[in-house]
Amino acid sequence: FTPVSPNKLEWAVTYDDPKGWYAGAFASSTRVHARPGTQLLAYLGYAHRLRGGMSWEAGAEYAAFSRYPGDNYPEFYLGLASDTLSGRLYYAPRYFSQSNPAFYAELNGSHALDERFRLQGHVGWLQRSGHGGDAGQGQADPDAAAEDREQRDDQERRDERVIERVVGARDRHT
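Presented here is an overview of the structure given in this document. Note that the coordinates shown come from a computational prediction; the quantities given were computed from them, not determined experimentally.

**Considering the overall build of the protein chain**
Logical step 1: Counting its regular elements, the protein chain contains 1 helix and 9 strands.
Logical step 2: Sorting the 174 residues of the protein chain into buried and exposed places 33% on the buried side.
Logical step 3: Of the contacts formed within the protein chain by residues at least 6 apart in sequence, a portion of 41% connects residues at least 24 apart.
Logical step 4: By element, 59% of the accessible surface of the protein chain is carried by carbon and sulfur atoms, the whole surface being about 10300 Å².

See below:
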């Protein structure tokens, strides 16, 4: 377990096949609906190096929450990456307690400042169909917005690990 904060623990295990397949699991203490619990994430994917230093990937993951099993959801993704930029498109047929699909797009950047430090950036866009009956129009639910931010923060940490795996796998295959 890796302490992230005094009240947060994380655990991860990964496998990278030399032919491009990867799989893993991630567990983290989390707060959903203001209650502590555990988030589990299992994933499986394939990454392939292209000419010119680019790579693509496709995969699936399943997020499960110990306190709220109704919030569990599968997610599928496609991605494209270079040495300094990566992007992914996600699709979840149902997202948290919603019976409607959600889409998420992200762009990540990384720039080496020196041998030990990197500047990283992330921007993402979440579109939930049918959320609150108005699909993002009108007043936003502050609790839902806070939960979305927390879940996206968790997603960003997982994405950073995937970027490291994809870049590492790509470097091993060259």
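**What about the environment of Leu44?**
Logical step 1: Assignment of secondary structure puts Leu44 in strand 4 (residues 35-49).
Logical step 2: Not counting chain neighbours up to four residues away, the residues in contact with Leu44 comprise Tyr22, Ala23, Ala58, Gly59, Ala60 and Tyr77.

**Thoughts on a nonpolar patch on the surface**
Logical step 1: A grouping of Leu50, Trp56 and Leu80 is seen on the molecular surface, where their side chains present a nonpolar patch of about 250 Å² in accessible area.
Logical step 2: Mapping Leu80 onto the fold places it in strand 6 (residues 73-81).
Logical step 3: With a relative accessible area of 43%, Leu80 lands in the partly exposed category.

**Examining the environment of Ala58**
Logical step 1: For Ala58, the position within the fold is in strand 5 (residues 55-65).
Logical step 2: With 20 residues separating them in the primary sequence, Ala58 and Leu78 have C-alpha atoms 4.5 Å apart.
Logical step 3: With near-sequence residues (within four places) excluded, Ala58 lies in contact with Tyr22, Leu44, Gly45, Tyr46, Tyr77 and Leu78.

**What about the packing of aromatic side chains?**
Within a pair of aromatic rings, the relevant descriptors are the distance that separates the centres and the angle that separates the planes.
Logical step 1: Evaluation of the coordinates by the stated rule reveals 11 aromatic pairs.
Logical step 2: Arranged with centres 5.2 Å apart and planes meeting at 45°, the rings of Tyr73 and Phe96 form a pair that is tilted. Separated by 23 residues along the polypeptide, Tyr73 in strand 6 and Phe96 in the loop between strand 7 (85-92) and strand 8 (102-112) bring together distant segments of the chain. The pair formed by Tyr73 and Phe96 is uniform in burial state, with each residue classed as buried.
Logical step 3: Their ring planes at 45° and their centres at 5.7 Å tell us that Tyr90 and Tyr104 sit as a pair that is tilted.

**Quick notes on the pairing of strand 4**
Logical step 1: Where strand 3 (residues 21-32) and strand 4 come together, 12 bridges link them in antiparallel fashion. Note that in strand 4 the partner of Ala27 across the bridge is Leu40.
Logical step 2: The antiparallel pairing of strand 3 with strand 4 creates a hairpin that spans 2 residues between the two strands, and His33 there sits at a positive phi of about 55°.
Logical step 3: Hairpin remark: strand 4 followed by strand 5, antiparallel, with 5 residues in the connecting loop; positive phi at Gly52, about 80°.

Quick notes on the rules
- The numbering scheme is per chain: residues are counted from 1 as the chain's sequence reads.
- Residues qualify for local features only when their pLDDT is at least 70, as the model is predicted, and side-chain atom pairs are given and counted only at 80 or more; totals for whole chains, interfaces and linings, by contrast, use all residues.
- Side-chain metrics rest on all non-hydrogen atoms present in the structure, leaving aside hydrogens and water.
- Secondary structure counts use DSSP, requiring at least four H or I residues in a row for a helix and at least two E residues in a row for a strand, with both numbered from the N terminus.
- When a residue's accessible area, from a 1.4 Å probe over protein chains only, is under 20% of the maximum for its type it is buried; when over 50% it is exposed; and in between it is partly exposed.
- Here, residues are in contact when the closest pair of their heavy atoms is within 4.5 Å.
- The Shrake-Rupley method, run with a 1.4 Å probe sphere, supplies the accessible areas, and residue values consider only the shown protein chains as cover.
- Residues enter patches when they are more than 30% accessible in relative terms and free of salt bridges; like-charged ones are connected within 9 Å and nonpolar ones (Val, Leu, Ile, Met, Phe, Trp, Tyr) within 5 Å.
- We define a salt bridge as a contact between a side-chain nitrogen of Lys or Arg and a carboxyl oxygen of Asp or Glu at a distance within 4 Å.
- Between rings of Phe, Tyr and Trp, where Trp is taken as its six-membered ring, a pair exists when centres lie within 6.5 Å; planes separated by under 30 degrees are stacked, by over 60 edge-to-face, and by other angles tilted.
- In this description, strands pair whenever DSSP reports at least two bridges between them.

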